[in-house]
Amino acid sequence: MEFIVPDSMNALDALRQIYPDSSRRTLQTWLKKGRFFLDGERLERENVQLEKGQTIHSQDTFRAPKIPGLKILFEDRYIIVIDKPVGLLSVPLDEGAQKRHALGLLRQHLGTEQIFAVHRIDRETSGILLFARGKESEKRFDVMFEKHDLKREYFAIVEGRMKENSGTWESNLLELPTFHVVESAEGKIAITHFNVIRKSSKYTYLKLLLETGRKHQIRVHCQMAGHPVLGDQRYKAIENPIKRLCLHACTLAFEHPFTKKEMCFTSPLPPIFRKLGSDLC
């Protein structure tokens, strides 16, 4: 990639013109790793003063370093999207704030507290998770989630063969002090749309679309339907053949609240799901 400097400016401002969706931290990392050259000489410092007509070359095969334990799917100055592994908390628990969690790993790696969780997925669930960078980004995503302006699709394997092939589950869900979620007139409305992908002799394979995002919503709705998520002992699953909850956040789509670009992120099903026939879905 080649960029002709249009006017006198420092290196960081020039790089922001080249990569408007990248954060300052990301650009600084790329500089340190030697991605950029100015008139053939390696460009290493963000405060270097550039003159009109100079040329920046970029090695576009460069790959930013990964955070151990996390896979970053996308990052710019406003958002971070990760593929969360099973077993990792999204945010710290009230009763165990020192435990390892995705929010803490991101803040530590990026050297800032200005990263905020705008939604969560359970520790036992894997898949796509979104974080906001900065308070303004957090506010905009809060509004988007309130208006249900994001598409969140999950894949689940549930116990038993469901009679219906598609439908909608709607109920009021309430979180108890024990962190268990139950149906209650005092709870908040929860709506889940489901489609059956296939059925085996023992299980049903589902795609689920969240209209709302209450805690444990999918897990409770599946239990209420008489088909708990496989491996979900909290919500009365009998079997646990692969020693994990068979629930995965596979798709997240939305309009970027700042750039207005249509964003869509997908995460492949965990390979271990193949043991249960999910490779046929």
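Placed above this text is the structure.
Below you will find a few notes about this structure. Counting from 1, residues in each chain are numbered in the order their sequence is written. Predicted model: local features are reported for residues with pLDDT of at least 70 only, side-chain atom pairs are reported and counted for 80 or more only, and whole-chain, interface and lining totals are derived from all residues. The side-chain values count all of the structure's non-hydrogen atoms but skip hydrogen atoms and water molecules.

### A short note on the overall build of the chain
Reasoning step 1: The way it works is that DSSP assigns letters per residue, a run of H or I at least four long becomes a helix, a run of E at least two long becomes a strand, and they are numbered from the N terminus. A tally of helices and strands in the chain yields five helices and 17 strands.
Reasoning step 2: Viewed in the frame of its principal axes, the chain has a C-alpha envelope of about 70 × 40 × 35 Å.
Reasoning step 3: The proportion of buried residues among the 281 residues of the chain is 48%.
Reasoning step 4: Two residues form a contact once any of their heavy atoms are found within 4.5 Å. Within the chain, residue pairs in contact and separated by at least 24 positions form 61% of the contacts whose partners lie at least 6 positions apart.
Reasoning step 5: Surface accessibility in these figures is a Shrake-Rupley result with a 1.4 Å probe; residues are shielded only by whichever protein chains are displayed. Carbon and sulfur atoms provide 48% of the accessible area of the chain, an area that totals close to 14500 Å².
Reasoning step 6: In this tally, Asp and Glu contribute negative charge and Lys and Arg positive charge; neither His nor the terminal groups of the chain are included. Think of each charge as sitting on NZ of Lys, CZ of Arg, CG of Asp or CD of Glu. Positive and negative side-chain charges of the chain, numbering 44 and 36 respectively, have mean locations separated by a distance of 5 Å. Per-residue accessibility, obtained with a 1.4 Å probe over protein chains only, is compared with the maximum for each type, and a residue is labelled buried under 20%, exposed over 50%, and partly exposed between these values.

### Considering the pairing of strand E12 (residues 166–175)
Reasoning step 1: With eight bridges connecting them, E12 and strand E14 (residues 188–199) associate as antiparallel partners. Counterpart to glycine 167 in the pairing with E14 is phenylalanine 194.
Reasoning step 2: Both E12 and strand E13 (residues 181–183) contribute to a ladder of three bridges, which runs antiparallel. Its bridge partner being in E13, leucine 174 is matched across the sheet by valine 182.
Reasoning step 3: Pairing between strands is defined by DSSP: at least two bridges between the two strands are required. Connecting E12 to the antiparallel partner E13 that follows it, the hairpin turn spans five residues, and phenylalanine 179 within it adopts a positive phi of roughly 75°.

### Focus on the packing of aromatic side chains
Reasoning step 1: Between 30 and 60 degrees the pair is tilted, below 30 it is stacked and above 60 it is edge-to-face, where a pair is any two Phe, Tyr or Trp rings, Trp via its six-membered ring, whose centres lie within 6.5 Å. Tallied over the entire structure, the rule returns nine aromatic pairs.
Reasoning step 2: With a centroid separation of 6.1 Å and 50° between ring planes, the pair formed by tyrosine 19 and phenylalanine 36 is classed as tilted. Highlighted residues: tyrosine 19 in the loop between helix H1 (11–18) and helix H2 (24–32) and phenylalanine 36 in strand E3 (residues 36–38), separated in sequence by 17 residues.
Reasoning step 3: Under the relative-accessibility criterion, tyrosine 19 is labelled buried at 15%.
Reasoning step 4: Ring geometry for phenylalanine 74 and phenylalanine 265: centres 5.7 Å apart, planes at 45°, overall tilted. Within this pair, whereas phenylalanine 74 is found in strand E7 (residues 71–75), its partner phenylalanine 265 is found in strand E17 (residues 262–266), the two being separated by 191 residues in sequence.
Reasoning step 5: Through pairs of rings, three or more aromatic residues link up here, namely Phe74, Phe141, Phe254 and Phe265.
Reasoning step 6: As a reminder, the over-ring test applies to NZ of lysine and CZ of arginine, requiring each to be within 6 Å of the ring centre and within 35 degrees of the ring normal. Lying over the aromatic face of tryptophan 30, arginine 35 brings its terminal NZ or CZ to 4.1 Å of the ring centre.

### With respect to the side chain of histidine 248
Reasoning step 1: By secondary structure assignment, the location of histidine 248 is in strand E16 (residues 247–255).
Reasoning step 2: Once residues within four sequence positions are removed from consideration, histidine 248 is found in contact with Asp83, Thr125, Ser126, Gly127, Glu153, Tyr154, Phe155, Ser267, Pro268, Leu269, Pro270 and Phe273.

### Comments concerning the nonpolar core
Reasoning step 1: Only buried residues count toward a nonpolar core, which is a set of Ala, Val, Leu, Ile, Met, Phe, Trp, Tyr and Cys residues joined through side-chain atoms within 4.5 Å. In this structure, Phe131 and Ile157 are the most contacted members of the largest nonpolar core, which totals 42 residues.
Reasoning step 2: Sequence-distant contacts of phenylalanine 131, that is, excluding residues within four places in its chain, are made with Tyr78, Ile79, Ile80, Ile82, Ser90, Ala102, Leu103, Leu106, Ile115, Phe116 and Ala117.
Reasoning step 3: Within the second largest apolar cluster, 18 residues are counted, among which are Ala11, Phe36, Leu50 and Ile56.

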